[in-house]
Amino acid sequence: MSAAVTVEELAHTYPAKRKQAARQSLKGVSFSAEKGQTFGLLGPNGGGKTTLFKILSTFFPPTSGRAEVFGLDVTMDASKIRPRIGVVFQNPSLDGKLTVRENMTHQGHLYGLSGAALSKRIAEMLEVYKLSERADDLAGGLSGGLKRRVDLAKGLLHRPELLLLDEPSTGLDPGARKALWDHIGELKKEGKTILVTTHLMEEADKCDRLVLLDSGKIAAAGTPDSLKAEIGGDVISIQSGDLPLLAKGLKERFQVTPVELDGTLRLEQKAGHTFIPRLVEAFPGLVTSVSVSKPSLEDVFVHHTGRRFLSAAEGLR
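How each quantity is defined
Residues numbered from 1 in each chain as written. Predicted model: local features only at pLDDT ≥ 70, side-chain atom pairs only at ≥ 80, totals over all residues. Heavy atoms only, no water. Core = buried A, V, L, I, M, F, W, Y, C linked by side-chain atoms within 4.5 Å. Buried < 20%, exposed > 50% of the residue type's maximum accessible area, 1.4 Å probe, protein only. Helix = DSSP H or I, 4+ residues; strand = E, 2+ residues; numbered from the N terminus. Contact = heavy atoms within 4.5 Å. Salt bridge = Lys/Arg side-chain N within 4 Å of Asp/Glu carboxyl O. Phe/Tyr/Trp six-rings, centres within 6.5 Å; stacked < 30°, edge-to-face > 60°. Axes fitted to C-alpha atoms, helices over the stretch in contact; angles between N-to-C directions. Parallel < 35°, antiparallel > 145°, perpendicular 65-115°, else oblique. Left-handed = near helix turned anticlockwise from the far one by under 90°.

Q: Would you mind showing me how to read the nonpolar core here?
A: Within the largest apolar cluster, 39 residues are counted, with the highest numbers of intra-cluster contacts made by Leu42, Met104, Tyr129, Leu165 and Leu297. Ranked by the residues each element gives to this core, the list is headed by helix 6 (residues 174–189), at five residues. In contact with Tyr129, not counting residues within four places along its chain, are Arg149, Leu152, Ala153, Leu156, Leu180 and His183. If you look at the next biggest cluster of nonpolar residues, it comprises 27 residues, including Val5, Ala33, Leu41 and Leu52.

Q: What is the right way to read the pattern of salt bridges from this model?
A: Note that side chains of opposite charge can pair when their charged atoms are close. Scanning all chains against the criterion turns up 17 salt bridges. A salt bridge links Arg101 to Asp136; the nearest nitrogen and oxygen atoms lie 3.4 Å apart. Taken together, the residues Arg101 in helix 3 (residues 100–110) and Asp136 in the loop between helix 4 (115–128) and helix 5 (144–155) connect sequence positions 35 residues apart. Judged by its relative accessible area of 34%, Arg101 is partly exposed. On the basis of relative accessibility, which here comes to 56%, the residue Asp136 falls in the exposed class.

Q: Honestly, the packing of aromatic side chains in this entry has me stumped. Any pointers?
A: Centre-to-centre distance and the angle between the planes together describe a pair of aromatic rings. Applying the stated criterion across every chain yields a total of seven aromatic pairs. An angle of 85° between the planes, with centres 6.1 Å apart, marks the rings of Tyr14 and Phe60 as edge-to-face. One end of the pair, Tyr14, is in strand 1 (residues 3–14); the other, Phe60, is in the loop between helix 1 (49–56) and strand 4 (64–69), with 46 residues separating them in the sequence. Judged by its relative accessible area of 18%, Phe60 is buried. Linked through ring pairs, Tyr14, Phe53, Phe59, Phe60 and Phe89 together constitute an aromatic cluster.

Q: What is the right way to look at the packing of helix 3 against helix 4 in this model?
A: To characterise two packed helices, one gives the angle between the axes of the helices and the distance between these axes. At a closest axis distance of 10 Å, the pairing of helix 3 and helix 4 adopts a crossing angle of 125°. The angle between the axes of helix 3 and helix 4 places the two elements in the oblique class. For the element pair helix 3 and helix 4, the recorded crossing hand is right-handed. Packed against helix 3, whose contacting residues are Val100, Arg101, Met104, Thr105, Gly108 and His109, the element helix 4 presents Leu118, Ile122, Met125 and Leu126 at the interface.

As C-alpha cells, this is what we get:
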C-alpha cells in the first residue's frame, strides 16, 4: 500500500497575542497513514490533534516540517488536495438560516456537483444519516447531534478519497455514534482512507493504526493491539493507607517500581493473577484493595507519559 498522508518533523507555533505568550502546539511530529486505513490521532484535549488536523486539511500551513496528502504538499498544492478530501471540523460549519437540503446543495456546488446527480447524492446521504425527514428544516433549529450528522453528510457528499474527521462523535447519542462507525467501516471497504482525531478510547480501538499525541509530541504509535502488547503483562492497581511505604516495600521485595496515580499504585506484571496472592501475603494489612486488568489504551498512555489521560487533558486547560 502507498501512503495517503505523510508527515515529517511537523511543527507549529501559534504567535503571541495580547496577554498570551507564543504557544508551540506541534513539536516535530512524523508518521504516515496508508491508503484504505482508518487512522486515529488519539490524545487529550490540547495535545495537538486539532492543529495537525487543520494543517492536513490545508486550513493553514505548518511553521516548519512537511506534510503531504496523496503525495501533494499541503502548502504548495492545497488547491489540488481540497477536491480529494472531505473535512468535518469539530464545531458545526452550517448556515443556520438555510435548510439542511440547502446547506448540502451549496456544499455540492463548491465541488462542482449540480442537477439530478447532486439531488440523488443528497438524498442518499440524507438517508444514510437518517435526516430525510429534516431535510427542509432550518439548520439553525437543529439539536447539536443533528447538526453533527448534517456536517458528516456534507463532508461525504462529493465522495472524497480521504475523509478527515475531527472528534466526529461530539454531540452524537450512542445510536448515532454506532451508525457513524458502521458507515466508516463501509467507506473503508470501498477503499477510502479515514483519518480521525479523538479523545475517546473506544473509538481509537476501532482504528487500524494510531498515533498517540501528548503535548504536541508523539508518545506512541502502532496498531491498538501492538500498543497494548508493549505493556508486557497485566495492569495491577493497589490501594493502601500508606502508599509511600507500600511503594518502597514493592521495590525492595519484588524489584518493581510502581507509579502513583490518583491515590493508587499502578504496576505492570506478567500473570498478574499469580502475583496478587504474593503481594497480599508480603504486606499484610497494608493492602486495602487490589485489582488486575488487561491493558487498555488508557494504560498505554500511562505507560508512556506517567499520568492518566484525563489528568493530561485537565492540565492543559
